[in-house]
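These are the residues of each chain, in order.
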Amino acid sequence: MKILVVGTGAREHALVRALSLDPAVTALHAAPGNPGIGALATLHAVDQLDGAAVAALATELGADLVVVGPEAPLVAGVADAVRAAGIPVFGPSADAARLEGSKAFAKEVMAAAGVPTAEPRVASTVDEVAAALDAFGAPYVVKEDGLAAGKGVVVTDDRAVALEHGRACVEKEGGRVVVEEYLDGPEVSLFVLSDGASVVPLVPAQDFKRALDGDAGPNTGGMGAYSPLPWAPEGLVDEVLDLVARPTVDEMARRGTPFVGVLYCGLALTSKGTRVVEFNARFGDPETQVVLPRLATPLAGVLLAAATGTLADLPPLEWRDEAAVTVVVASHGYPGTVRGGDPIIGIEDAESLPGVHVLHAGTALRQNPAGDDDSQVDGAHLVSNGGRVLSVVGVGADLAAAREAAYAGVEQIELAGSHHRTDIAAAAAAL
């Protein structure tokens, strides 16, 4: 199989890495990719939001499958353009990707499908936001309706902070927010593959959204993740399939917008039962980085089955017993104003350790001026180019071993001003 992966981040690097280990894959391409992906795939300087350009590239390459990683290209209709070119694509149509592109739409679908979730109120004015905040009370949960790169949600006990976030969102052109009841209990991420009719679950993971240890600091796109979850209740996956995934996929099909790709079910295990926090229309980042290393079944055939409507014909997925932990190394200033262009050193040293691999997220290659010998230093030509720069993944016999490997890898990496959490998977590893 020739496969084209669309995207630039650590999620896409994780997908490319898993596909590179699949003996059925004969050629890997990425658009536009990143320096880490470039070590495994041929990169193409194509705008990931330009569906016509992506479809033309896939046609030129003779791709057997296109995998669209990020949410923005999906909402922009890139998968539609590739499908129109007659090429199998893993990723939902723009209409189906509204499950992530609009939180209000997702709530509408959940209500129609009877999916348990937090009670919502959609607000498009400051007065409506204020009324909704007062109706639910603290803790306040305010979510920007559209795509916000994982940073459009505020959860706070401070009404003024919640109202200000709501104001900033609704004052944008066409801006809306969803204000909803607070869900107590731990959160779980479960990816469910769908071909529009059948669903196949992957294994659960948990991510860490706050920037600082102890879940302090501002919300981020995710600072780390781990899998498996030793504390998760038995039967959780089957429950989510029955109560959430199948009803949602059935409702999307009923609407004439079948969901093909991966439905990311963000869940809260509350005192009142399992509830959906949010849907995403793609693999989550950084959870993908810990789920895929545990998958023993070759990935390409699984994604192709989802893209071609044949998931029901697949044998059950096989999983490794090992655990995986990923720790995100973030740029100076993240998740606020980040500093780019800092040299990254030590990735090779990290990957020389047992059970460690490093995935690129926000990296770039610096063109060294004449006479500059930085390129002679291990990794110094590689520089930071984004908020979350690297995902360092550790795989081990259990969570404690995986965690030890991941942090040993982090210790080998030098990036001026960078920061990372030191408590990823710590509580779970201690169980």
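Our structure's up above, just so we're on the same page.
Residues numbered from 1 in each chain as written. Predicted model: local features only at pLDDT ≥ 70, side-chain atom pairs only at ≥ 80, totals over all residues. Heavy atoms only, no water.

### What about the side chain of T248?
We apply this condition: Only DSSP runs of H or I with at least four residues qualify as helices, and only runs of E with at least two residues qualify as strands; both kinds are numbered from the N terminus onward. Only protein chains enter the accessibility calculation, which uses a 1.4 Å probe. A residue is then buried if its area is under 20% of the maximum for its type, exposed if over 50%, and partly exposed in between. Two N or O atoms count as a polar contact when they lie within 3.5 Å, although within protein this holds only if one can serve as hydrogen donor and the other as acceptor, and sequence-adjacent residues are included solely when both atoms are side-chain atoms. Any pair of residues with heavy atoms lying within 4.5 Å of one another is described as a contacting pair.
Following the sequence through the fold, T248 ends up in helix 9 (residues 236–254). The class of T248 is buried, set by a relative accessible area of 1%. Only 2.7 Å separates the side chain of T248 from the backbone oxygen of V244, close enough to count as a polar contact. Leaving out residues up to four positions away in the same chain, T248 has contacts with L99, V109, A113, V115, L263 and F279.

### Side note on the side chain of S384
Relative to the assigned elements, S384 resides in strand 22 (residues 382–384). For S384, a relative accessible area of 2% translates into the label buried. In contact with S384, other than residues within four places in its own chain, are S331, R339, G340, G341, D342, I344, G362, V389 and L415.

### Structural notes on the sheet that holds strand 1 (residues 2–7)
What counts is decided by this rule: A pair of strands is considered paired only if DSSP assigns at least 2 bridges between the two. All axes here are fitted lines through C-alpha atoms, helices being fitted over the stretch that makes contact, and every angle between N-to-C directions spans 0 to 180 degrees.
Reading across the sheet, the 5 strands line up as 3-2-1-4-5 and stay open at both edges, with parallel pairing between neighbours. Two strands close off the open sheet at either side, each with one partner strand: strand 3 (42–43) and strand 5 (89–90). Pairing analysis gives 2 bridges linking strand 4 (residues 65–68) to strand 5, with the strands arranged parallel. Of the residues in strand 5, the one forming a bridge with V66 is V89. This element, helix 11 (residues 299–307), spans strand 1, strand 4 and strand 5 of the sheet and lies at about 90° to strand 4.

### Focus on the nonpolar core
Let me state the cut-off plainly: As used here, the term nonpolar core means buried Ala, Val, Leu, Ile, Met, Phe, Trp, Tyr and Cys residues forming a set that is joined through side-chain atoms within 4.5 Å.
Counting 72 residues, the largest nonpolar core has V66, L99, F279 and V325 as the members making the most contacts within it. Residue contributions to this core peak at 7 residues, all from helix 9. Apart from residues no more than four positions distant in its own chain, F279 is found in contact with L99, E100, A106, M110, V244, T248, L263, Y264 and C265. Formed by 43 residues, the second largest nonpolar core is a distinct cluster that contains I3, V5, V16 and L311.

### Describing the sheet that holds strand 7 (residues 140–144)
The antiparallel open sheet is built from 4 strands, whose spatial order is 6-9-7-8. Where the open sheet ends on each side, the last strands, each with one partner, are strand 6 (120–123) and strand 8 (153–156). Across the sheet, the axes of successive neighbouring strands diverge by a mean angle of 20°, strand direction being ignored. In terms of strand pairing, strand 7 meets strand 9 (residues 177–180) through 4 bridges, oriented antiparallel. Counterpart to V141 in the pairing with strand 9 is E180. The sheet strands contacting helix 7 (residues 126–136) are strand 6, strand 7 and strand 9, and the helix crosses strand 6 at an angle near 165°. Sitting on the sheet, helix 8 (residues 159–170) touches strand 6, strand 7, strand 8 and strand 9, and the angle it makes with strand 7 is about 15°.

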